[in-house]
Amino acid sequence: MGTAARGRPRLDLDRSTPAGLLGYKVRLLRDARGWTPKQLAEEVFSNESLIRKLERGQASPSQELVAKLDKKLDAGDELNELWPLLAIKTVTEYAEGFLDHQKRAKKIQEYSQVVPGLLQTYDYVLALAESMELVSGRDPLGVAESRVGRQAILDGPTAPWMLAVLDEAAIRRVVGSKAVMVGQLEHLIKLSERPRIEIRILSFGETVPAVLTGSLSVLTMRSGTTVAYTEGPSTGRMFQGSEADSYAVLYDRVLSSALPKTRSIDLIRAVIEEYSK
């Protein structure tokens, strides 16, 4: 065993949030054992960076990791009991953590019933944001500028490979206006011409697993680890470890039912013609 870190005092955590309370308890129990974050990480087969973020209330640990920490630190289920509370974070809180991972991913896989954020045009984002303004309370112009700005991760020599499976509803349900949709669908075709972007359509008649009532994102990080994120109208969850691997398998099931790339683009062109009449 080592000794607890000494030096300048550490800032107190905000224990009014589930993540802050979990981090506080983990740090307290770790200090009681005289372990450093690195030693605790080794005990639960994790990494020091994740443990430090968890203790600061800045990580979304998997249920598996929380269970390991509870057992190794003899927490008597105190940590396990906090897990359900972590699962009721707001969409915004979970999305922020996911977007941080997204910027560093080497592969991005998406399934969505609307056009995914990284592929949206400014006009499409703005129309979506305006329709949700009463619920979200967010300025539509700010949302549009921020989302389009994030799309820069798809540019340059280190851009990730992206595979997007869009439910057919995403190209047929009008967002904003038919003119907005024509611009958005033409943008999808243009993006699909990039060597590192592939767009597929899950046509009507095909089914998806019942758990997918909104969107699913699966990231492969440069370290080889997997991160998954699901989002509905008012819920968001990020998964790591074995849970993320399960969602990766789920994504493969959806992908296997999607139209091939060429037929997908043909369908998008046909819908553009319908909107243009």
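See the structure shown above.
Heads up: these notes are all about the structure in this document. (Residues numbered from 1 in each chain as written. Predicted model: local features only at pLDDT ≥ 70, side-chain atom pairs only at ≥ 80, totals over all residues. Heavy atoms only, no water.)

Helix and strand content of the protein: 12 helices and six strands. Residues counted as buried form 46% of the 277 residues belonging to the protein. For the protein, the exposed area adds up to about 14,600 Å²; of that, 52% sits on carbon and sulfur atoms. (Helix = DSSP H or I, 4+ residues; strand = E, 2+ residues; numbered from the N terminus. Buried < 20%, exposed > 50% of the residue type's maximum accessible area, 1.4 Å probe, protein only. Areas by Shrake-Rupley, 256 points an atom, 1.4 Å probe, with all protein chains shown as cover.)

Here six strands make up an open sheet; going across it, the order is β3-β2-β1-β4-β5-β6 and the pairing mixed. Lying at the two open borders of the sheet, with one neighbouring strand each, are β3 (197–202) and β6 (236–240). Between one strand and the next, the sheet's axes are offset by a mean angle of 10°, whatever the strand orientation. Sheet analysis places strand β5 (residues 226–231) next to β6, joined by five bridges and oriented antiparallel. Each residue of the ladder has a partner; that of Ala228, found in β6, is Phe239. Across the sheet, helix α10 (residues 178–192) lies against β2 (161–167) and β3, angled at about 130° from β3, the strand it touches most. (Pairing = 2+ DSSP bridges. Axes fitted to C-alpha atoms, helices over the stretch in contact; angles between N-to-C directions. Contact = heavy atoms within 4.5 Å.)

Here helix α8 (residues 140–150) has its buried residues at Pro140, Val143 and Ala144. Mapping the buried residues of α8 onto a view down its axis gives an arc of 95°, with all of them on the same face. (Arc of directions from axis to C-beta.)

Right, let's get into the pattern of salt bridges. By the definition in use, this model includes 12 salt bridges. Among the salt bridges present, the one from Glu64 reaches Lys68, with a minimum N-O distance of 3.9 Å. Here the residue Glu64 and the residue Lys68 both occupy positions in helix α4 (residues 63–72), the gap between them amounting to four residues, near one helical turn. A relative accessible area of 32% means that Lys68 is categorised as partly exposed. Here the salt bridges do not stand alone but share partners, grouping Arg30, Asp31 and Glu55 into one network. (Salt bridge = Lys/Arg side-chain N within 4 Å of Asp/Glu carboxyl O.)

Once that is clear, we can look at the environment of Lys261. Mapping Lys261 onto the fold places it in helix α12 (residues 261–276). Relative accessible area serves as the criterion here: at 35%, Lys261 is assigned to the partly exposed category. In this structure, Lys261 is in contact with Ser192, Ile197, Glu198, Ile199 and Arg200, ignoring residues within four places of it in sequence.

A few words now on the nonpolar core. Leu119, Ile171, Leu188 and Ile268 are the most contacted members of the largest nonpolar core, which totals 39 residues. Excluding residues that lie within four positions of it along the chain, Leu188 makes contacts with Val115, Leu119, Leu166, Ile171, Ile199 and Ile268. Ala19, Val26, Leu40 and Leu54 belong to the second largest nonpolar core, which has 20 residues in total. (Core = buried A, V, L, I, M, F, W, Y, C linked by side-chain atoms within 4.5 Å.)

So, on to helix α3 (residues 48–55). Note: α-helices contain 3.6 residues per turn, so residues at a spacing of three or four share the same orientation. Within α3 the residues assigned to the buried category are Leu50, Ile51, Leu54 and Glu55. Down the axis of α3, the sector holding all buried residues measures 135°, keeping them to one side. Here the buried face of α3 lies against α1 (18–33), α2 (37–43) and α4. Two or three places before Ser49, at the start of α3, stands the capping residue Asn47, its side-chain oxygen 3.3 Å from that residue's backbone nitrogen. (Polar contact = N/O pair within 3.5 Å; in protein donor to acceptor, adjacent residues only side chain to side chain.)

A few words now on the side chain of Gln120. Positionally, Gln120 belongs in the loop between β1 (105–112) and α7 (122–136). Assessed through its relative accessible area of 3%, Gln120 is described here as buried. Within polar-contact distance, the side chain of Gln120 engages the side chain of Arg147 at 3.1 Å. Setting aside anything within four residues of it in sequence, one finds Gln120 in contact with Val115, Val125, Leu128, Arg147, Gln151, Gln184 and His187.

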